[in-house]
Amino acid sequence: METGSDIAEIVGAHADCEGPLLPILHDVQARFGWVSEASIAQIAAALNLSRAEVSGVVSFYHDFRRTPDPRPVIRLCRAESCQARGSEPLAAAAATLAGERIRIEAVYCLGLCSAGPAAMIGGDVHARLDSERIAALMAVL
Amino acid sequence: MQVRISDDALAIACGADRVAQRFTELGHAVVRTSSWGMHWLEPLVELDGIGYGPVGPGDVDAIMAGTADHLRIGAIADHPFLASQTRLTFARAGRTRPLSLEDYADTGGWLGLHTAREIGGEAIVDMLKASGLRGRGGAGFPAGIKWDTVRLARGHRKYIVCNADEGDSGTFADRMLMEGDPFCLIEGMAIAGLAVGAGKGFVYIRSEYPHAIAKMRAAALLAAPLIAPFEIEIRVGAGAYVCGEETSLLNSLEGKRGEVRAKPPLPAIEGLFGCPTVVNNVLTLAAVPFVLAEGAQAYAEYGMGRSRGTMPIQLAGNIRYGGLYETAFGVTLGQLVNDIGGGTASGRPVRAVQVGGPLGAYFPPALFDTPFDYEAFTAVDGLIGHGGITVFDDSVDMAAQARFAFEFCAIESCGKCTPCRIGAVRGKETIDKLISGDSVASNLALVSDLCETMKFGSLCALGGFTPYPVMSAITHFPEDFGPERQAAE
Ligand code: SF4
Ligand code: FES
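Treat the numbers as computed from the prediction; the structure is a model and nothing was measured.

The next point concerns the overall build of chain B. If you tally the helices and strands in chain B, you get 22 helices and 16 strands. Against the 2.2 N^0.38 benchmark of 23 Å for 489 residues, chain B shows a C-alpha radius of gyration of 23 Å, consistent with a compact globule. For chain B, the spread of C-alpha atoms along the three principal axes comes to 65 × 65 × 40 Å. Counting across all 489 residues of chain B, residues that qualify as buried make up 62%. Nonlocal contacts in chain B, meaning residues at least 24 apart in sequence, comprise 71% of its contacts between residues at least 6 apart. For chain B, the separation between the mean place of its 41 positive charges and that of its 55 negative charges on side chains is 6 Å.

Neighbouring residues of ligand 1: 13 residues in total, closest Cys414, Lys416, Cys417, Cys420 and Cys460 of chain B. Of the residues in the shell around ligand 1, the class split is eight nonpolar, four polar and one charged.

We now examine the domain arrangement of chain A. Note on interface size: it is often stated as the accessible area lost on association of the parts. What the domain assignment reports for chain A is domain 1 (4-60) and domain 2 (73-139). Inter-centroid distance (C-alpha atoms) of domain 1 of chain A to domain 2 of chain A is 30 Å.

What follows concerns unusual backbone geometry. Residue Pro54 of chain B is bonded to the preceding Gly53 of chain B through a cis peptide linkage, with omega at -10°. Here the amide bond leading from Pro264 of chain B into Pro265 of chain B is cis, since omega sits at 0°, within 30 degrees of zero. Counting through the fold element by element, Pro265 of chain B comes out in the loop between helix H12 (246-253) and strand S9 (277-281). With phi around 65°, Asn48 of chain A is a residue other than glycine that occupies positive phi space. As for its position among the elements, Asn48 of chain A is in the loop between helix H3 (37-47) and helix H4 (51-60). For Asp381 of chain B, which is not a glycine, the phi torsion comes out positive at approximately 60°. With respect to the helices and strands, Asp381 of chain B occurs in the loop between helix H16 (374-379) and strand S16 (388-393). A relative accessible area of 54% places Asp381 of chain B in the exposed class.

Our focus in this paragraph is the interface of chain B and chain A. Taken together, the contact between chain B and chain A spans 65 residues of the former and 37 residues of the latter. For the chain B and chain A pair, buried surface summed over both sides reaches about 3,600 Å², with 55% attributable to carbon and sulfur atoms. Interface area lost by chain B to chain A is led by Ala13, Ala238 and Arg257 of chain B, which between them contribute 16%. At the surface where chain B touches chain A, the tally comes to two salt bridges. Residue Glu18 of chain A pairs with Arg157 of chain B through a salt bridge whose shortest N-O separation is 3.3 Å. Examining the composition of the side of chain B that touches chain A, we find that five residues originate from one element, helix H17 (residues 398-412) of chain B, more than from any other. Here the residues of the side of chain B that touches chain A sort into 32 nonpolar, 19 polar and 14 charged.

Residues and elements named next belong to chain B. You can see Ser100 is positioned in the loop between helix H4 (80-83) and helix H5 (101-106). Take Ser100: its relative accessible area is 11%, and that puts it in the buried class. Looking at Ser100, its side chain comes within polar contact range of the main-chain nitrogen of Asp103, at 2.8 Å.

A word on the pattern of salt bridges. Residue and element names in this part refer to chain A. In this structure the tally under the stated criterion is 37 salt bridges over all chains. Between Arg31 and Asp6 there is a salt bridge; the shortest N-O distance is 3.1 Å. You can see Arg31 sitting in helix H2 (residues 21-32) and its partner Asp6 sitting in helix H1 (residues 4-13), a full 25 residues away along the chain. Among the residues examined, Arg31 registers a relative accessible area of 41% and is labelled partly exposed. Glu105 is the partner of Arg75 in a salt bridge, and the nearest nitrogen-oxygen pair spans 3.4 Å. Taken as a pair, Arg75 in strand S1 (residues 73-77) and Glu105 in strand S2 (residues 103-107) lie far apart in primary sequence, 30 residues in all. On the accessibility criterion, Arg75 (18% relative accessible area) is buried. Glu105 sits in the partly exposed class, given a relative accessible area of 23%. Put simply, Asp63, Asp69, Arg71, Arg75, Arg103 and Glu105 are held in one network by salt bridges that share partners.

Rules of the game
Residues numbered from 1 in each chain as written. Chains lettered and ligands numbered in written order. Predicted model: local features only at pLDDT ≥ 70, side-chain atom pairs only at ≥ 80, totals over all residues. Heavy atoms only, no water. Helix = DSSP H or I, 4+ residues; strand = E, 2+ residues; numbered from the N terminus. Rg over C-alpha atoms; globule rule 2.2 N^0.38 Å. Buried < 20%, exposed > 50% of the residue type's maximum accessible area, 1.4 Å probe, protein only. Contact = heavy atoms within 4.5 Å. Lys, Arg positive; Asp, Glu negative; His and termini not counted. Charge placed at Lys NZ, Arg CZ, Asp CG, Glu CD. Near = heavy atom within 4 Å. Nonpolar A, V, L, I, M, F, W, Y, C, P; charged D, E, K, R; others polar. Domains from an automatic or database assignment. Buried area = accessible area lost by both parts, 1.4 Å probe. Salt bridge = Lys/Arg side-chain N within 4 Å of Asp/Glu carboxyl O. Polar contact = N/O pair within 3.5 Å; in protein donor to acceptor, adjacent residues only side chain to side chain.

Below, the structure written as structure tokens:
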């Protein structure tokens, strides 16, 4: 759980930044895995914005989560080029394998479109996936 | 002997790091380079100019023992896929180490910036106009005219914004350029700064590209003294497709919801933080150093009609030889898909090709004689967009693709216009009815009405162009929607 001083530290690190809200939210999301109401309030106060403004920004972008979820995440590409290479049956197989243990999120293109289906785990990218390879990736999560 | 292996995200996603590690374990020095763009061969290993690919860690011993003929492709630079290209923007691809200032300078880097410093703003813009360079992000707007507007605009602060929010499926040229030749983009931005009198530039990169973000951050640090007093900052998107639209991107940079702004005012007059701003795509800015270094004429000599220069085309989806193919405008779609791309990866017949990302039209093979050129594509109700080509084989269900186009629009809509926000959801529901065979004729009429409304009632391309994939699917593949579909099922 984040504390007020964690958030203050993150906000302070972007003091010289023009338009600091997204960089701040990225840091909060990366460090805690979600953006809580308390941090929204604190960021709003520090940047002289209303809570509603900050909440509106958090909810607009797919990368920011408003609820915690400690499960590991696989972001599986579901965009057209990966569809053409079999991402849809793969996604169905992955969902079965994942059960409740792993969260599978859709992502729309990782720029690996000539070598799909593709997925991202943390900052790592994986291509040419099939059900065997995705099972192997899941096994070590 | 030197082992060269790319550190491009695609090569890494296909296992390049493990291959490199195996060479290192065996005591060989490995140099990490940019990617040549022959993706079906990644991880591609280069030994004294000879290529092997795709290589797995288990192949390394065989390569070193000289028993890997099945992976050997001969001299890389002579490979037919590369030999038939005209690489201006991707001239360094495969040849240099992305973060080596030495490699960059040795291959003509900074010459354009040097010229720019000598000739000054007005002359830079004149060169750009004469080159015929058009924005590579999709709209194809002449870059020189945009720059001139910013140059002449009043404002004590001006900005250069690089749109690196390449969200279209089937495109990866921006990603490859940023990962493989980051200094080229930085040089292009610094030249833009000189041209219009801007002191600061932002690169807005989508969060789905962690490798590009890391490379650009490192490159911006290394290049800082060379481009000073111009400054470049790297910013990261947060997973909103609509932020590829320039005004939405500006809102996002300012820390707001990525909603689209009504134009006018043009960003060139009132852009980032209300200041005059050049917003250009990665490839547009990366083409600039060539124009300045080699001259406007050298660039304009390539291409056809009003589409001058080269276009980095991206061959993707179910294609045998996928990758980056930079060529002058005018090559036909069929040449790209069949001759260069080798048809499908699955070996089945090509049935449909989507050009220009999720908002681009689907083409049947009957339209494969269409030349790759902005105007020619407009004439057949399509768009080039960012130059991505996604190939589908005959297992594709075009009603499902039309449904996905609506679904994608619904997921990514910024919510500002009703036709886009509500229309996309209705469209998806209506296609579902079509798929289940419910009142086919009247539901088809409903979809095309809805498309008309979205086309003319939407503020930006997301709502306005979603009709392209939908209507092209219906027009060119009616058998997937009509009574034939039900008969087939
Ligand atoms: S068309 Fe859609 S995405 Fe574009 S401004 Fe309107 S609501 Fe937003
Ligand atoms: S469509 Fe999946 S990586 Fe581009």
